[in-house]
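Coordinates in review
This is what each chain is made of:
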Amino acid sequence: MQHTEMTISVQSFQAPPNSYATKLGTPSHCNGSKRLSSAPRPNFYERLRSINQGTPIGSLPPEILCHIFEMANHSKSTDRWSPLDQRSPLPVTFSQVSGYWRDVALEDPLLWTHVDISPPWSFNRICMDLSRAKSCPLSINLTIPGIAFGYLLTPSAINASASILCDIIAPHLPRCRKLVIKGDFCQLEPLFVGLMKTLYNTATPLLEHLVIHPTGVRHLVTEAAAHSFAHGVPPLSHLRVTSAMTPFLPHLDTLTTLHLSAGDRRALDVADFSTLSISCPHLKTLAVYDDAISGPWPPEATITFPSLHSLQIYGSFMSVSDLLRVVEAPILEDLVITPFAASDLTEYRQHAAYSPSKFSALRSITLSPVSSSGFALLVEAAECFPTVELVMIPNIHADSFRDVFTGENSEVVWPKMRGLALRNIDLMSMEKLLPVLAFREATGRPLQKLYLDSASLKRISSMLHLVPQNVNVLEFDIWSTLHDEDLQDEAAHFVGNDFDFIV
């Protein structure tokens, strides 16, 4: 963007006798020889506004400027703002650039539909955001900050004002499209109880995305879940809950995405998991965290998800083989296992050797080995899921990766693989990746697409000319794709964050 220099001469503004500047008098340091004067405030700001509108960014039509504001406001970089952040929310920043920008920002209700009510809250700010959003559907978020309580943020202060917060948001819940309540409520039981009572005493006909993930209040979660949806089941498409709440869920015919976590370590048994599959007949994405589901796993058990497209397993889930053995998903296309450990597929591999082929529609797999030696397990995964065409590995140990994919016995790992997605690639890693590309081309199984994140593309730009011409290098970040605001922090460690490999 070009910057226009603007020089304003003090002498160009002559103050009338009754002007605001004249009434202030002459500053003593001017010695009376030069009077600091300006036009009346309205005229002064009108002149500044006319100057601003003459710049390229100030001359944009409000419709285009609104579109730019909304795109920036919905970008990934702004999703994690909280009241503890010293930066202002992006819509507030927009409104403070110039008078024209402020007018445009305040008149665009879509900029103010993301309302954060996390402590330490400002009731004035919350009311202002709700008012500026006008009648638009809302996204309301309450996340308990992961900080120690201090003098200015105490549990007693938060709990004392919880009823005021609930009274403020209650009239707006009917137009709420997304609601997030998560965090450690161990010392905030009155707040959690108040929020849940407000929720199940209010109709939410527009609610599509619901996250209820409290910890520290296990004894209250069951009661809260039992009273949920007293005013009817909203048209939910995305739901994240703890396993303790799952048995109380009603029939969710519209639900397509479910994130299921252990919460306070109350795992879901296989019988409840089977009931869940019946309650959510159109589920397309199922994400399981830690030991949200536990055994015993009956040898002949079968749990069918007829519409499931993506199965994602995160964290310290210890029954990967059992889950894969039990789940019947005839159109499953995508599988994620992060982290990927030595014992995850051992039993399933034995089961698959003597059972009819499962997951024949599987085309994409994401695996995150936790050790350099763990890359040898990719061969085992290739045997279990031979139909895969796209392999995504968020964390790469270059030497181990090269050794596995060049095949010591001249075997091609995942012979149907046409796409490979990696991240955090540097020049040294690229040197190990090039032999893999050459090996597959020599064996008649060439790679067609190589996906790298933007940072990797910048680092290895000097080596891109060495990539075979038939390989199309594209920008694609596994982390940004898998990362969701519902993804737990401990799981995020295994989906693209940098860490040292265990040798």
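See the structure shown above.
The text that follows walks through the structure, step by step, so that each part is easy to find. (Residues numbered from 1 in each chain as written. Predicted model: local features only at pLDDT ≥ 70, side-chain atom pairs only at ≥ 80, totals over all residues. Heavy atoms only, no water.)

A few points about the overall build of the chain
When its secondary structure is counted, the chain shows 19 helices and 16 strands. Here the chain holds 503 residues, and 48% of them are scored as buried. Residue pairs at least 24 apart in sequence account for 75% of intrachain contacts in the chain once pairs closer than 6 positions are excluded. As presented, the chain carries roughly 24,700 Å² of accessible surface, and 55% of it is formed by carbon and sulfur atoms. (Helix = DSSP H or I, 4+ residues; strand = E, 2+ residues; numbered from the N terminus. Buried < 20%, exposed > 50% of the residue type's maximum accessible area, 1.4 Å probe, protein only. Contact = heavy atoms within 4.5 Å. Areas by Shrake-Rupley, 256 points an atom, 1.4 Å probe, with all protein chains shown as cover.)

Let's talk about the nonpolar core
If you look at the biggest cluster of nonpolar residues, it comprises 126 residues, and the most contacted ones within it are Phe185, Leu191, Phe273, Phe385, Phe401, Phe405 and Trp414. Sorting elements by how many residues they give to this core places helix α9 (residues 189-200) first, with 6 residues. Beyond its immediate sequence surroundings of up to four residues, Trp414 is in contact with Ile365, Leu367, Leu378, Ala381, Ala382, Phe385, Val388, Val391, Phe405 and Arg440. (Core = buried A, V, L, I, M, F, W, Y, C linked by side-chain atoms within 4.5 Å.)

Comments concerning helix α8 (residues 162-169)
Looking at α8, one finds that the buried residues are Ala162, Leu165, Cys166, Ile168 and Ile169. An end-on view of α8 places all buried positions within 160 degrees of arc, on one side of the element. Along its buried surface, α8 packs onto α6 (123-132), β2 (138-143), α7 (155-160) and α9. (Arc of directions from axis to C-beta.)

Section: the packing of aromatic side chains
Taken as a whole and assessed by the stated rule, the structure comprises 13 aromatic pairs. Geometrically, the ring pair formed by Trp121 and Phe123 is stacked, given 5.9 Å between the ring centres and 25 degrees between the ring planes. On the basis of an interplanar angle of 45 degrees and a centroid distance of 5.6 Å, the ring pair of Phe273 and Phe305 is categorised as tilted. With Phe273 in helix α11 (residues 270-279) and Phe305 in the loop between β8 (303-304) and β9 (310-314), this pair connects stretches of sequence that are 32 residues apart. Note on accessibility: Phe273 and Phe305 belong to one class, buried. Chaining the aromatic ring pairs together yields one cluster made of Phe69, Phe94 and Trp101. (Phe/Tyr/Trp six-rings, centres within 6.5 Å; stacked < 30°, edge-to-face > 60°.)

Digging into empty space enclosed by the protein
Following the criterion strictly, the structure yields 3 cavities of 30 Å³ or more and no others. In this model, the largest cavity occupies a volume close to 150 Å³. Around the largest cavity sit 19 residues that line it, and Leu199, Leu210, Ile212, Ser228 and Phe229 are the ones nearest its centre. For the lining of the largest cavity, the secondary-structure elements that each account for two or more residues are α9, β4 (209-215) and β5 (238-242). Tallied by class, residues from the lining of the largest cavity come to 14 nonpolar, 5 polar and no charged. Each pocket or cavity is described by its volume, and for the second largest cavity that value is around 70 Å³. In this structure, the second largest cavity is lined by Ile117, Ile140, Leu142, Ile169, Leu173, Leu179, Val180, Ile181, Leu195, Thr198 and Leu199. (1 Å grid on protein atoms, 1.4 Å probe; cavity = no way out; pocket = protein on both sides within 12 Å on 5 of 7 lines; lining within 4 Å. Points joined across faces, edges and corners; volume = space filled by probe spheres on them. Nonpolar A, V, L, I, M, F, W, Y, C, P; charged D, E, K, R; others polar.)

Considerations on the side chain of His259
Looking at the secondary structure, you find His259 in strand β6 (residues 257-261). Among the polar contacts made by the side chain of His259, one reaches the side chain of Tyr289 at a distance of 2.7 Å. (Polar contact = N/O pair within 3.5 Å; in protein donor to acceptor, adjacent residues only side chain to side chain.)

Observations regarding the environment of Ser310
Looking at the secondary structure, you find Ser310 in strand β9. Given the relative accessible area of 7%, Ser310 is considered buried. With 55 residues separating them in the primary sequence, Ser310 and Ile365 have C-alpha atoms 9.7 Å apart. Excluding residues that lie within four positions of it along the chain, Ser310 makes contacts with Lys284, Thr285, Leu286, Leu332 and Asp334.

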